[in-house]
Amino acid sequence: MKKSGIISKAFVIFALIYLYTPIVVLMVMSFNSSRYNQMPFDFSFKWYQDLFQNNVLIQAAINSIWIAAVTGVICVILATLLVLGSQALSGRLKNSVQTFMLMPLTIPWLIIGLSILLMIRALDFEKNLFFVLAGHTVISLPYSVLVLQARMQSMDPALEEASASLGANVMTTFRRITLPVLAPAMVAGGFLSFMISFDNFVLSYFLMPSGFSTLPIEIQSSIKFGFTPEINAVSTIIIGISLLCLAIVGLIMGSSIKSLFGKKEV
Amino acid sequence: MKSKKQWLTAPGLLVLLVFAVAPLFIMLYYSFLSDSGAGFTLDNYKVFFQKSFYLSLTWSTIKNSIYVTLISLIIAYPLAYIMAKKLKGIKNIILILIIIPFFTNQLVRVYSWLIFLQDGGIFDAFLNSVSIIEGSLSLLYTRKAVIIGLVHAFFPYMVITIYLALEKVDNALLEASSSLGATKLETFRRITLPLSRPGILSGILLVFVPCLGTFVEPRILGGVNGTVIGTVIEDQFFEIYGWNFGASIAFILLAMVLISMNVLNYLGREK
């Protein structure tokens, strides 16, 4: 019994090492003054200082953030409406609408990106930021929907009925009952969609107009066309931002974050 | 009043129709266009199914996904089992630790493997220092590197789905089984495994299916040895400008995704 306990712990530790080693190495290397991630380790903030003077990367960061912010807001609005509206549906229609809302999760991003690119071509447009936002919205929307649905399902429908039977009109019930219940999930869903968009490379890669880039695109071109040593520092900052978003989502949603995964049942 | 409320779904559904569904139909349309401008043709699909290159490419893409799924299962099942049945207080912390990495940026993750696995990189240095190997393993730019990177990206999904299934398995059932004389192995085979089957199947779905459509990990970690359907599609659009042919390969990929999803769904529904 005791032996199996040790084996269990060793297995968990091994799995965590596999998950974290490369990321931790990357973060540590961002503080190493060597240009090509060579040892010995020599602590310095050099790459962070360089980063704040690298206008290309700063512009890319600004682009990443505002695209993700706009995507997040659009996703929350659309997802809230979708979840509220689908409550009013019933039977098979409700099922199909709910499946349809999550459809983008099942299509590879590669295909979503390419098909929008082909649509731009079919319509004879130039690549522009409108389609970038549309693409980001399509892939990020299901995540907001999942969070809001989880919250909606945990809400007692008797609350809305009670409010209505006590004479509140639809708007009042929404404002005083439904909205306060949904609000935390709206914030959490927004941050989740923000994060999906902020981290997304594939859609930006296919749809971004030339001369415009985001942080993931900068990382890719640094890998492809030659090494930019500030990339370690950028990556570390990106991980930091993702963790911050995740912490916010986790704090708001608490244990129901697990239900996000339970939802995608076969 | 209720009849009006359902219209709230309209904006969201419209966005999905215009920017997710319509583009797929446009892609389907392009996949039947001939490059010479001679109208509709099946040639793009014919080329794919007649050239052995594309068939072996399809097979190696599927094989990649199978490897990644199997290795993920080998890591994820014991991990989920240990978390659900052996660990007490710290299991929530471990669950969070497992969730965190897959919310990190895909490019950052791939790039961190690039640094880690590069010749003379940290991994080689570590193995040299404990004298497991001498020199370099030269893992980077091989299929192995692609699989290492993809398993890293996807196995947490499987840990979570299996964990959620195992958590629901009542410990009393396991105790009953062993007090009735079943060995540990029998209890596992007759009770734990069947009850965790839905979790295993959702896990397979969440690993195998997205794996079919990846191109970033194979491209960056596999180099020329990482060619899969995804990278060939990318080349068609960005290097060769064979858009119509690219569209048809993308559709074949989509078909593979939908077929595997339906098969897995069907297996999940059985009994």
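Residues numbered from 1 in each chain as written. Chains lettered and ligands numbered in written order. Predicted model: local features only at pLDDT ≥ 70, side-chain atom pairs only at ≥ 80, totals over all residues. Heavy atoms only, no water.

**Details of the confidence of the model for chain A**
Basically, it comes down to this: Here pLDDT means the predictor's own confidence in every residue, given as a number from 0 to 100. Contacts are residue-level and defined by heavy atoms, with any inter-residue pair within 4.5 Å sufficient.
This prediction gives chain A a mean pLDDT of 85; 91% of its residues lie at or above 70. Segment residues 262–266 of chain A is flagged for pLDDT under 50; beyond a separation of four residues in sequence, or across chains, it makes 16 contacts in the model.

**Observations regarding the pattern of salt bridges**
Residues and elements named next belong to chain B. For clarity, the cut-off: Take a side-chain nitrogen of Lys or Arg and a carboxyl oxygen of Asp or Glu: if they are within 4 Å of each other, that pair is a salt bridge. The helix count covers DSSP runs of H or I at least four residues long, the strand count covers runs of E at least two residues long, and both are numbered beginning at the N terminus. For the exposure calls, accessible area comes from a 1.4 Å probe over protein chains only, and a residue counts as buried if that area is under 20% of its type's maximum, exposed if over 50%, partly exposed in between.
Counted by the stated rule, this structure contains two salt bridges over all chains. Measuring nitrogen to oxygen at the nearest pair gives 2.7 Å for the salt bridge that ties Arg219 to Glu234. Residue Arg219 is found in helix α11 (residues 216–222), and its partner Glu234 is found in helix α12 (residues 229–238); the two are separated by 15 residues along the sequence. Residue class for Arg219 comes out partly exposed when judged on its relative accessible area of 30%. By relative accessible area, which is 5% here, Glu234 ends up buried. Among the salt bridges present, the one from Asp235 reaches Arg219, with a minimum N-O distance of 2.8 Å.

**Details of a nonpolar patch on the surface**
Put simply, the test is: Note that patches include only residues with greater than 30% relative accessible area and no salt bridge, and the join distances are 9 Å for like charges and 5 Å for nonpolar side chains (Val, Leu, Ile, Met, Phe, Trp, Tyr). For accessible areas, the Shrake-Rupley method is used with a probe of radius 1.4 Å. Any residue's cover is judged against the shown protein chains and nothing else.
Judged by side-chain polarity, Ile62, Trp66, Val70 and Ile74 of chain A come together as a nonpolar surface patch covering roughly 290 Å² of accessible area. Here Trp66 of chain A lies in helix α3 (residues 55–87).

**Re unusual backbone geometry**
Although it is not a glycine, Asp124 of chain A sits at a positive phi angle of roughly 65°. Positionally, Asp124 of chain A belongs in the loop between α5 (109–122) and α6 (129–154).

**Section: the packing of aromatic side chains**
The geometry of an aromatic ring pair is captured by the separation of the ring centres together with the interplanar angle, meaning the angle of the planes. The cut-off we apply is this: Pairing of aromatic side chains here covers Phe, Tyr and the six-membered ring of Trp, requires ring centres within 6.5 Å, and sorts the geometry by plane angle: under 30 degrees stacked, over 60 edge-to-face, intermediate tilted. The rule is short: NZ of Lys or CZ of Arg within 6 Å of the ring centre and within 35 degrees of the ring normal puts a charge over the ring.
Tallied over the entire structure, the rule returns 28 aromatic pairs over all chains. With a centroid separation of 6.0 Å and an interplanar angle of 40°, the aromatic rings of Phe125 of chain A and Phe131 of chain A are classed as tilted. With a relative accessible area of 4%, Phe131 of chain A lands in the buried category. Centroid distance Phe201 of chain A to Tyr205 of chain A: 4.9 Å. Interplanar angle 25°. Geometry classified as stacked. Of the residues examined, Phe201 of chain A reaches a relative accessible area of 1% and is grouped as buried. Among the aromatic side chains, those forming a connected cluster through ring pairs are Phe201, Tyr205 and Phe206 of chain A together with Phe215 and Phe238 of chain B. For Arg121 of chain A, the ring lying beneath its charged end belongs to Trp243 of chain B, and the centroid distance is 4.4 Å.

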